[in-house]
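# Report on the structure
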Amino acid sequence: MLNRANVRARARVLYRAALGRRRNVRDELSLRRSAVVFAPHPDDETLACGGTIVRKIRAGARIRLVVMTDGGSSHRGLLPEQQLCALRAREVKEAAARLGVADGQVDLFGFRDRELNRHVGEATERAGLVLREESPEEVYVPYVHDPPVDHVATREAALRAVAVSLDRALIYEYPVWFWNHWPWVSSPLLNRREVFAVAHRNARAGIRTIRHLRDAVFIGDVMAQKRHALEAYASQLQRRGGDPGWPTLSDVAGGEFLECFFQEYELFWRWQFVRGSNQGTGFIPMLQKTDGETS
């Protein structure tokens, strides 16, 4: 008789098999393309793209990292906000260095955590300056179905900046909190009224995973470097001063969420922006996507 854990394990096997059949693994030549990575908070870039950044730098690509917010809300009330923001700024600089990104290639925009949606216009202008300076071949943004408000606002600002600053670019959308659903993490026990709504959300997420997240970068050979970079984020991984009330990423879904970022492949939704051919202003792209899909 199957229990909940066995059902989830089998579902993960089936999903991974489906992803493996549809996966487009990037070759060394494609990894050499220059890129700008837009991250909502310090650590998102390492969680979702850390291995890809390492591999691209090793291949000779020029990488610029833009972190939109100061991360000052992650432990609000446990540490003075100014002190926490300074700590997280130091952490992202150290993590970037461990990934191989030069200090001069890291921009901290410093918008207040959880309030980026109030400053999309200014963020767009500043992102546009970076894009015009770099003229990157690739741009990395949060996945369209990543729910946190700063992730939504980062994607919108970055894509609006792309639309007015570049003639064309490959867009790579990366999931972070999108992974926080069954079967990648355990589903909590639910009452009968909730179970159908959650099952529906999980089914939709599963379909999006297979349809969209088809672009893959193998990171098995750089996993140790990615882990080393993530360890720079002590505020997110360790209980400060041993305080049991200090939350860490390992607390999310009992550590299952964090383990999602240590698989052998980092996955992306890839599509191509061409000026005049895309919506490209913060909506789901409908044209010029490299996988040929329309939604």
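Residues numbered from 1 in each chain as written. Predicted model: local features only at pLDDT ≥ 70, side-chain atom pairs only at ≥ 80, totals over all residues. Heavy atoms only, no water.

What follows is about the overall build of the protein chain. Helix and strand content of the protein chain: 10 helices and 8 strands. Expressed as a percentage of the 295 residues in the protein chain, the buried residues total 52%. Of all intrachain contacts in the protein chain linking residues separated by at least 6 positions in sequence, the fraction that spans at least 24 positions is 82%. With an accessible surface of roughly 13600 Å², the protein chain has 51% of that area assigned to carbon and sulfur atoms. (Helix = DSSP H or I, 4+ residues; strand = E, 2+ residues; numbered from the N terminus. Buried < 20%, exposed > 50% of the residue type's maximum accessible area, 1.4 Å probe, protein only. Contact = heavy atoms within 4.5 Å. Areas by Shrake-Rupley, 256 points an atom, 1.4 Å probe, with all protein chains shown as cover.)

A separate point is the packing of aromatic side chains. Per the counting criterion, the structure on display carries 12 aromatic pairs. Measuring from centroid to centroid gives 5.5 Å for tryptophan 179 and tryptophan 184, while their planes differ by 85°, and the two rings are edge-to-face. The exposure classification of tryptophan 179 matches that of tryptophan 184, with both residues buried. These aromatic residues form a ring-pair network of at least three members: Tyr15, Tyr143, Phe178, Trp179, Trp184 and Trp269. We note arginine 26 situated over the ring of phenylalanine 268; from NZ or CZ to the ring centre the distance is 5.1 Å. (Phe/Tyr/Trp six-rings, centres within 6.5 Å; stacked < 30°, edge-to-face > 60°. Lys NZ or Arg CZ within 6 Å of the ring centre and 35° of its normal.)

By the secondary structure assignment, leucine 159 is in helix α6 (residues 149–165). The class of leucine 159 is buried, set by a relative accessible area of 1%. It is 8.8 Å that separates the C-alpha atoms of leucine 159 and isoleucine 171, two residues lying 12 residues apart in sequence.

Right, let's get into the pattern of salt bridges. Taken as a whole, this structure holds 22 salt bridges when the rule is applied. Its salt-bridge partner being glutamate 138, residue arginine 26 comes within 3.9 Å of it at the nearest N-O pair. Placement of arginine 26 in the loop between β1 (24–25) and α2 (28–31) and of glutamate 138 in strand β5 (residues 138–142) is noted, with a sequence separation of 112 residues between them. Of the two residues examined, arginine 26 and glutamate 138, each falls in the buried class. (Salt bridge = Lys/Arg side-chain N within 4 Å of Asp/Glu carboxyl O.)

Note on helix geometry: an α-helix contains 3.6 residues per turn, so any two residues three or four positions apart are oriented the same way. With 15 residues, helix α5 (residues 120–134) should cover 21 Å at 1.5 Å per step; its first-to-last C-alpha distance of 21 Å lies within 8% of that length. Those residues of α5 not exposed but buried are Val120, Ala123, Thr124, Ala127, Gly128, Val130, Leu131 and Glu134. Projection of α5 onto a plane perpendicular to its axis shows the buried side chains occupying an angular sector of 165°, all on one side. Facing away from the buried surface of α5 by more than 90 degrees, the exposed residues are Glu125 and Glu133. Immediately downstream of α5, the backbone of serine 135 shows phi near 45°, a positive value. (Expected span 1.5 Å × (residues − 1). Arc of directions from axis to C-beta.)

As defined by bridge partners, strand β3 (residues 63–69) adjoins strand β4 (residues 106–111) across 4 bridges and the pair is classed as parallel. By the bridge assignment for β4, threonine 69 is matched with phenylalanine 111. One crossover worth recording links β3 to the parallel β4 by way of helix α4 (residues 81–99), and it is right-handed. (Pairing = 2+ DSSP bridges. Right-handed = clockwise from strand over helix to strand, strands pointing away.)

When pLDDT is averaged along the protein chain, the result is 89, and 88% of the positions lie at 70 or above. Here residues 280–295 is modelled with pLDDT under 50, and outside its nearest four sequence neighbours on either side it reaches 47 contacts, counting other chains as well. (pLDDT = per-residue confidence, 0-100.)

What follows deals with the pairing of strand β7 (residues 215–218). Bridging between β1 and β7 involves 2 bridges; their strand directions are parallel. By the bridge assignment for β7, asparagine 24 is matched with aspartate 215. In the sheet, β7 pairs with strand β8 (residues 265–274) via 4 bridges, with the strands oriented antiparallel. In the strand pairing of β8, aspartate 215 is matched with phenylalanine 268.

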